[in-house]
Amino acid sequence: ELKVEQNPLFLSMQEGKNYTIYCNYSTTSDRLYWYRQDPGKSLESLFVLLSNGAVKQEGRLMASLDTKARLSTLHITAAVHDLSATYFCAVDLEGSNYKLTFGKGTLLTVNP
Amino acid sequence: DTAVSQTPKYLVTQMGNDKSIKCEQNLGHDTMYWYKQDSKKFLKIMFSYNNKELIINETVPNRFSPKSPDKAHLNLHINSLELGDSAVYFCASSQLAGKGADTQYFGPGTRLTVL
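Here the residue numbering is sequential within each chain, running from 1 through the sequence in written order. Written order determines the labels here, with chains lettered from A and ligands numbered from 1. Two thresholds apply to this predicted model, a pLDDT of at least 70 for residue-level local features and 80 or more for giving and counting side-chain atom pairs, whereas whole-chain, interface and lining totals are computed over all residues. For side-chain calculations, the full set of non-hydrogen atoms in the structure is used, while hydrogens and water are omitted.

Draft legend 1. How the structure looks around the interface of chain B and chain A. With 22 residues of chain B in contact, the opposing surface of chain A contributes 21 residues. The quantity reported as buried area is the accessible area (1.4 Å probe) lost by two parts once they are put together, taken as the sum for both. Summing the contributions of chain B and of chain A, the shared interface buries around 1,800 Å²; its carbon and sulfur component is 58%. Salt bridges are identified by distance alone: a Lys or Arg side-chain nitrogen within 4 Å of an Asp or Glu carboxyl oxygen. For the interface between chain B and chain A, the tally reads 1 salt bridge. The closest approach of N and O atoms between K99 of chain A and E58 of chain B, which form a salt bridge, is 3.1 Å. In protein, a polar contact requires one atom able to donate a hydrogen and another able to accept it; more generally it is a pair of N or O atoms within 3.5 Å, and residues adjacent in sequence count only if both atoms are side-chain atoms. Our count for the chain B to chain A interface comes out at 7 residue pairs in polar contact (both at pLDDT 80 or more). For the side of chain B that touches chain A, the secondary structure elements donating two or more residues are strand 4 (31-37), strand 5 (43-50) and strand 6 (53-57) of chain B. The helix and strand labels rest on DSSP assignments: H or I over at least four residues marks a helix, E over at least two residues marks a strand, and numbering proceeds from the N terminus. No other element matches strand 4 of chain B, which puts 3 residues into the side of chain B that touches chain A. The residue inventory of the side of chain B that touches chain A, partitioned by class, reads 12 nonpolar, 6 polar and 4 charged. Between two residues, a contact is recorded if the distance between any of their heavy atoms is within 4.5 Å. Only Asp, Glu, Lys and Arg are considered charged, only Ala, Val, Leu, Ile, Met, Phe, Trp, Tyr, Cys and Pro nonpolar, and every remaining residue, Gly among them, polar.

In structure tokens form, the structure reads like this:
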């Protein structure tokens, strides 16, 4: 059974600082997704990573995928308050009919 | 203009009742999903339909029954509601290209509270 683990689960950081959220998964896959969820809202797609070594950047967020280590990272550069949200990674396995298995989410709070 | 919409947004009901949640997508996607997000924000897939055919059917109580009248609509009917069914239910859709992978687009969610 595929397991997806994120850490940390809670992250409080100051504006302007850098930090990384880690996503480990238990079964080989080269399809990993990052989503953002604001309180009481839906999930918004951030990144889709589809190959080993894939790196994608959008604003202050950069995601990467190492399929050999079964690890994805979401790096936050010079955090701002607007980035406060819960971030989920999710993995699907080939042949699973695109069944996403989610991590527990990382609640990020950026303090002024 | 809403891509994936759900109704109702909030649903408060008594234990033992039967209720339905509706989902519609106007993205032209072939595949739709139902997810449950519990009070700890853990997200778990329940069902998926590809062009009206059930392709993912996770281990959920058979009180939950999905129905897809066409590929743009996916409804979720829940019989004999229990306290543990209280959660946020999200509908999502994606374009299954047959190979590769595709983003799933989520609806706004339906917050179900069972009293």
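Back to the write-up after that little detour.
Draft legend 2. Main features of the state of the cysteines. Disulfide: a pair of cysteine sulfur atoms within 2.5 Å of each other. Evaluation of the coordinates by the stated rule reveals 2 disulfides over all chains. Disulfide pairing is shown between C23 of chain A and C89 of chain A; the S-S distance is 2.0 Å. The disulfide joining C23 of chain A to C89 of chain A has a torsion of about 80 degrees about its S-S bond and is therefore right-handed. Remark: C89 of chain A occurs in strand 9 (residues 85-91) and C23 of chain A occurs in strand 3 (residues 19-25); sequence separation between them is 66 residues. The buried label goes to any residue with under 20% of its type's maximum accessible area, the exposed label to any with over 50%, and the partly exposed label to all in between, with areas taken from a 1.4 Å probe on protein chains only. Residue C23 of chain A is classed as buried on the basis of its relative accessible area of 0%. Note that C23 of chain B is cross-linked by a disulfide to C91 of chain B, the S-S spacing being 1.9 Å. The chirality of the disulfide connecting C23 of chain B with C91 of chain B is left-handed, given an S-S dihedral of about -75 degrees. Of the two residues, C23 of chain B sits in strand 3 (residues 19-25) while C91 of chain B sits in strand 9 (residues 87-94), which places them 68 residues apart along the sequence.

Draft legend 3. Structural detail: the sheet that holds strand 7 (residues 64-70) of chain B. Residue and element names in this part refer to chain B. In space, the 4 strands of this open sheet follow the order 1-3-8-7, with antiparallel pairing throughout. Strands at the two margins of the open sheet, each flanked by one partner only, are strand 1 (4-7) and strand 7. The sheet shows a mean angle of 20 degrees between the axes of neighbouring strands, taken without regard to direction. A pair of strands counts as paired when DSSP detects no fewer than two bridges linking them. Where strand 3 lies against strand 8 (residues 73-78), 6 bridges are found, and the strand directions are antiparallel. From the neighbouring strand, K19 faces strand 8, where its bridge partner is I78. In this description, a line fitted to the C-alpha atoms serves as the axis of each element, helices being fitted only across the stretch in contact, and the angle between N-to-C directions of two axes falls anywhere from 0 to 180 degrees.

Draft legend 4. Up close: the sheet that holds strand 7 (residues 61-66) of chain A. Residue and element names in this part refer to chain A. With antiparallel pairing, the 5 strands of this open sheet are ordered in space as 1-3-8-7-6. Edge strands, defined here as strands with exactly one partner in the open sheet, are strand 1 (4-7) and strand 6 (55-58). In this sheet, neighbouring strand axes are inclined to one another by 15 degrees on average, regardless of whether the strands run parallel or antiparallel. Direction of pairing for strand 1 relative to strand 3: antiparallel, over a ladder of 4 bridges. Across the sheet, N7 pairs through a bridge with Y22, a residue of strand 3.

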